[in-house]
Amino acid sequence: LHHFFVMKSFVAAIFVLGGEPERDLYAVRLAESHPSEDVYVSSPGSTAPQRLRPIEEAGRLHLDWRAVDTVTNFSTMYDELLQASISKVLLVTSPYHMPRAEA
């Protein structure tokens, strides 16, 4: 996972492209440093809820299992993000996944 400096004022939510344990663990660390942002996880792995428990206990976790590929990672969560007035997210993914995520 890449580490970037993020200005807190520019982040409205943390958005995780699920499927890898490292992404879940990184999301937990990000959530600790961004305590007012909710965390949205698209297509998490079967054991992700255990790793994401600290976020869930804080009432900030949104899980969704509808996505089947990178495009639907976003499209299945789009309405929920809009309803929450979220227009900017901090994306959590792996370096090899970034070209697909940017498309």
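### Details of the sheet that holds strand E2 (residues 38-42)
Pairing is parallel across the open sheet formed by four strands, whose spatial order is E3-E2-E1-E4. This sheet does not close on itself; its edge strands, each paired only once, are strand E3 (61-64) and strand E4 (89-92). Across the sheet, the mean angle from the axis of one strand to that of its neighbour is 20°, orientation sign disregarded. With respect to the sheet, helix H1 (residues 21-33) is in contact with strand E1 (13-17), E2 and E4, its orientation differing from that of E1 by roughly 175°.

### Brief notes about H1
Under the 1.5 Å per step criterion, the end-to-end length of H1 is 19 Å for 13 residues, consistent within 8% with the ideal 18 Å. Buried within H1 are the following residues: Arg23, Asp24, Tyr26, Ala27, Val28, Leu30 and Ala31. Looking at the packing, one finds that the buried side of H1 touches E1, E2, helix H2 (48-51), helix H3 (53-57) and E4.

### Observations concerning the nonpolar core
Of all hydrophobic cores here, the largest spans 15 residues; its most connected members are Ile14, Val16, Val39, Leu52 and Ile55. With five residues, H1 is the largest single contributor of residues to this core. Residues within four places of isoleucine 14 in sequence aside, it is in contact with Leu30, Ala31, His34, Asp38, Val39, Tyr40, Leu90 and Val92. Counting residues in each nonpolar core, the second largest holds seven residues, with Ala13, Phe15, Tyr40 and Met77 among its members.

### Quick word on the environment of alanine 27
Note that alanine 27 resides in helix H1. Note on alanine 27: relative accessible area 0%, which makes it buried. Separated by eleven residues in the primary sequence, alanine 27 and valine 16 have C-alpha atoms spaced 7.1 Å apart. Among all residues touching alanine 27, those that are not within four sequence positions of it are Val16, Val39, Leu52 and Ile55.

Calculation notes
- Residues numbered from 1 in each chain as written.
- Predicted model: local features only at pLDDT ≥ 70, side-chain atom pairs only at ≥ 80, totals over all residues.
- Heavy atoms only, no water.
- Pairing = 2+ DSSP bridges.
- Helix = DSSP H or I, 4+ residues; strand = E, 2+ residues; numbered from the N terminus.
- Axes fitted to C-alpha atoms, helices over the stretch in contact; angles between N-to-C directions.
- Contact = heavy atoms within 4.5 Å.
- Expected span 1.5 Å × (residues − 1).
- Buried < 20%, exposed > 50% of the residue type's maximum accessible area, 1.4 Å probe, protein only.
- Core = buried A, V, L, I, M, F, W, Y, C linked by side-chain atoms within 4.5 Å.

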